[in-house]
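Residue-level structural notes
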Amino acid sequence: MTSARDLGRGEWLITLDDGSVWRKTDSVDVLFSARRQYPVTVRRAALGSYMMKVGDTPAFRVKRE
């Protein structure tokens, strides 16, 4: 993760090392700092969606921008 931007109302934009930008799309609360870099895992989930795990946070649903 190279950057994360808190958009408010639980929404985040997360930019990864490869330049891809992901938007958090579910209501799972995430607890990580936008100022730190974390290891990130993105995996394909059901029905064409994706799940992202940032550091030790629970996985949350994302879509690619």
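The structure we're discussing is the one just above.
Report follows, based on the coordinates. (Residues numbered from 1 in each chain as written. Predicted model: local features only at pLDDT ≥ 70, side-chain atom pairs only at ≥ 80, totals over all residues. Heavy atoms only, no water.)

Considerations on the packing of aromatic side chains
- Applying the stated criterion across every chain, the model contains 1 aromatic pair.
- Considering the side-chain rings of tryptophan 22 and tyrosine 50, the 5.3 Å spacing of their centres and the 70° angle between planes classify their relative orientation as edge-to-face. Of this pair, tryptophan 22 sits in strand β3 (residues 21–24) while tyrosine 50 sits in strand β5 (residues 50–54), and the two are 28 residues apart along the sequence.
- Taking the relative accessible area as the measure of exposure, tryptophan 22 reaches 6% and is therefore buried. (Phe/Tyr/Trp six-rings, centres within 6.5 Å; stacked < 30°, edge-to-face > 60°. Helix = DSSP H or I, 4+ residues; strand = E, 2+ residues; numbered from the N terminus. Buried < 20%, exposed > 50% of the residue type's maximum accessible area, 1.4 Å probe, protein only.)

Re the pattern of salt bridges
- One pass over the full model with this rule turns up 4 salt bridges.
- With a shortest N-O distance of 3.4 Å, arginine 23 and glutamate 11 are connected by a salt bridge. Here arginine 23, found in strand β3, pairs with glutamate 11, found in strand β2 (residues 11–15); they are 12 residues apart in sequence, far enough to count as distant.
- For arginine 23, a relative accessible area of 23% puts it in the partly exposed group.
- On the basis of relative accessible area, glutamate 11 is assigned to the partly exposed category, the value being 26%.
- Here the salt bridges do not stand alone but share partners, grouping Arg9, Glu11, Arg23 and Glu65 into one network. (Salt bridge = Lys/Arg side-chain N within 4 Å of Asp/Glu carboxyl O.)

Any link to function would need more than the numbers given here.
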